[in-house]
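So you can see what is in the structure, the chains are spelled out below.
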Amino acid sequence: MTQDELKQKVAQAAIEYVVPGTIIGVGTGSTANFFIDELAKIKGSIKGTVASSEATAERLKGHGIPVFDLNSIDEMSVYIDGADEADPGLNLVKGGGGALTREKIVLAVADKFVCIADDSKKVDVLGKFPLPVEVIPMARSYVAREIVKRFGGEPVLREDFTTDNGNVILDIHGLEITDPVAMETELNSIVGVVTNGLFAARNADIFLCGTADGVETITAK
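Residues numbered from 1 in each chain as written. Predicted model: local features only at pLDDT ≥ 70, side-chain atom pairs only at ≥ 80, totals over all residues. Heavy atoms only, no water.

Undergrad: I'm lost on the overall build of the protein chain in this one. Help?
TA: The secondary structure content of the protein chain amounts to 6 helices and 13 strands. A sequence separation of at least 24 residues applies to 73% of the contacts in the protein chain between residues at least 6 apart. Accessible surface computed for the protein chain: about 9,900 Å², of which carbon and sulfur atoms make up 49%. The average position of the 21 basic charges and that of the 33 acidic charges among the side chains of the protein chain differ by 2 Å. (Helix = DSSP H or I, 4+ residues; strand = E, 2+ residues; numbered from the N terminus. Contact = heavy atoms within 4.5 Å. Areas by Shrake-Rupley, 256 points an atom, 1.4 Å probe, with all protein chains shown as cover. Lys, Arg positive; Asp, Glu negative; His and termini not counted. Charge placed at Lys NZ, Arg CZ, Asp CG, Glu CD.)

Undergrad: Any chance you could explain the side chain of Ser77 here in plain terms?
TA: Looking at the element boundaries, Ser77 is found in the loop between helix H3 (54-62) and strand S3 (79-81). Beyond its immediate stretch of four places on either side in the chain, Ser77 contacts Val19, Thr22, Ile23, Ile24, Asp111 and Lys112.

Undergrad: Quick question: what am I supposed to make of the pattern of salt bridges here?
TA: Pairing is possible between side chains of opposite charge, provided their charged atoms come close. Following the criterion strictly, the structure yields 12 salt bridges and no others. Among the salt bridges present, the one from Glu146 reaches Arg150, with a minimum N-O distance of 3.1 Å. Taken together, the residues span about one helical turn, with Glu146 and Arg150 both in helix H5 (residues 140-151) at a distance of 4 residues. Take Arg150: its relative accessible area is 34%, and that puts it in the partly exposed class. One salt-bridge network, in which partners are shared between bridges, spans Glu146, Lys149, Arg150 and Glu186. (Salt bridge = Lys/Arg side-chain N within 4 Å of Asp/Glu carboxyl O. Buried < 20%, exposed > 50% of the residue type's maximum accessible area, 1.4 Å probe, protein only.)

Undergrad: Help me out: how do you make sense of the nonpolar core in this one?
TA: Soluble globular proteins tend to bury their nonpolar side chains together. In this structure, Val18, Ile24, Phe35, Leu39, Ile80 and Ile116 are the most contacted members of the largest nonpolar core, which totals 23 residues. Contributing elements (two or more residues each) for this core: helix H1 (3-14), strand S1 (23-26), helix H2 (30-39), H3, strand S6 (113-118) and strand S12 (206-211). Considering each element in turn, this core owes the most residues, 4 residues, to H1. Ranked by size, the runner-up nonpolar core spans 21 residues in total, among them Val50, Tyr79, Ala117 and Ile218. (Core = buried A, V, L, I, M, F, W, Y, C linked by side-chain atoms within 4.5 Å.)

Undergrad: How do you make sense of the environment of Asp4 when you look at a structure like this?
TA: Structurally, Asp4 is set in helix H1. On the basis of relative accessible area, Asp4 is assigned to the partly exposed category, the value being 44%. Each C-alpha atom, one on Asp4 and one on Asp118, is 8.8 Å from the other, the two residues being 114 residues apart in sequence.

Undergrad: Looking at this structure, I do not really get the packing of aromatic side chains. What am I missing?
TA: How two aromatic rings sit relative to each other is given by the distance of their centres and the angle of their planes. Within the structure shown, the criterion is met by 1 aromatic pair. With centroids separated by 5.4 Å and ring planes inclined at 50°, the aromatic side chains of Tyr79 and Phe113 adopt a geometry described as tilted. In this pair, Tyr79 is assigned in strand S3 and Phe113 in strand S6, connecting sequence segments 34 residues apart. Both residues of the pair, Tyr79 and Phe113, belong to the buried class. The aromatic ring of Phe199 is capped on one face by Lys94, whose charged end is 5.4 Å from the ring centroid. Directly above the aromatic system of Phe199 lies the positively charged group of Lys104, at a separation of 5.2 Å from the ring centroid. (Phe/Tyr/Trp six-rings, centres within 6.5 Å; stacked < 30°, edge-to-face > 60°. Lys NZ or Arg CZ within 6 Å of the ring centre and 35° of its normal.)

Undergrad: Mind showing me how you'd approach the pairing of strand S7 (residues 131-135) here?
TA: Along a regular strand, successive side chains alternate from one face of the sheet to the other. The buried count for S7 comes to 5 of 5 residues, which makes it a mostly enclosed element. In the sheet, S7 pairs with strand S10 (residues 193-196) via 3 bridges, with the strands oriented antiparallel. Paired with Glu134 across the bridge in S10 is Thr195. (Pairing = 2+ DSSP bridges.)

Undergrad: Would you mind going over the sheet that holds S7 with me for this structure?
TA: Sheet strands pair via backbone hydrogen bonds, and the direction of the pair is either parallel or antiparallel. Judged by pairing direction, the sheet is antiparallel, and its 4 strands sit side by side in the order S8-S9-S7-S10 without closing on themselves. Edge strands, defined here as strands with exactly one partner in the open sheet, are strand S8 (154-157) and S10. Sheet twist, expressed as the average angle between the axes of neighbouring strands with direction ignored, equals 30°. As judged from the 5 bridges shared by S7 and strand S9 (residues 168-173), these two strands associate in the antiparallel manner. Residue pairing across strands places Pro132 opposite Asp171, the latter belonging to S9. (Axes fitted to C-alpha atoms, helices over the stretch in contact; angles between N-to-C directions.)

Undergrad: Would you mind showing me how to read the sheet that holds strand S2 (residues 48-51) here?
TA: With respect to topology, 6 strands assemble into an open sheet ordered S2-S1-S3-S6-S12-S13, the strand pairing being mixed. Single-partner strands in this sheet number two, and they are S2 and strand S13 (214-219). The mean angle between the axes of side-by-side strands here comes to 25°, regardless of whether they run parallel or antiparallel. Two elements, S1 and S2, share 4 bridges in a ladder whose sense is parallel. Looking at S2, one finds that Ile23 is bridged to Gly48.

Spelled out as structure tokens, the structure:
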């Protein structure tokens, strides 16, 4: 089974977690796109969505799915999104698509977080995938120096990329993240950092993992 086929399977499985008559949050990336395509088939059953990126909003609107501004709502039943890595505690690395800040903001409002990904994203320890950090452009060099000083690793500027918020991303290579909650907190304390791609302080409630044998439902240990 190809990686795209696995992504489609978890996207289909995620439809079961869509609460009829509510507003749901939708993530960004290739797996989230498969979910959007599945969501279009039942769009009449939900009130609408909140998108975590401009690209996601456009795809949702293209399917005729209502998209609300987050400031206009006060509750959201579920947030459904992919991940770049997931450890056994369902701590995640996200942000390969560059939407990490808006993803965290949308997630903050949701009652439940369902992560959808194929089994290549399962790891014992986070860090093999470079950790994205969104940074105010004028702070880029300072933040990179602070990251090396505090954590090691190699921060690399993501070339020719600007986030929807007008910022840049440093991808930190060569980390082994054994305490993701502590690292998430300390990274965010560096002046100039908007946020980072660790989703550990608020991790996934459920991980729908696509495997060759079907979709495995994993809850945090």
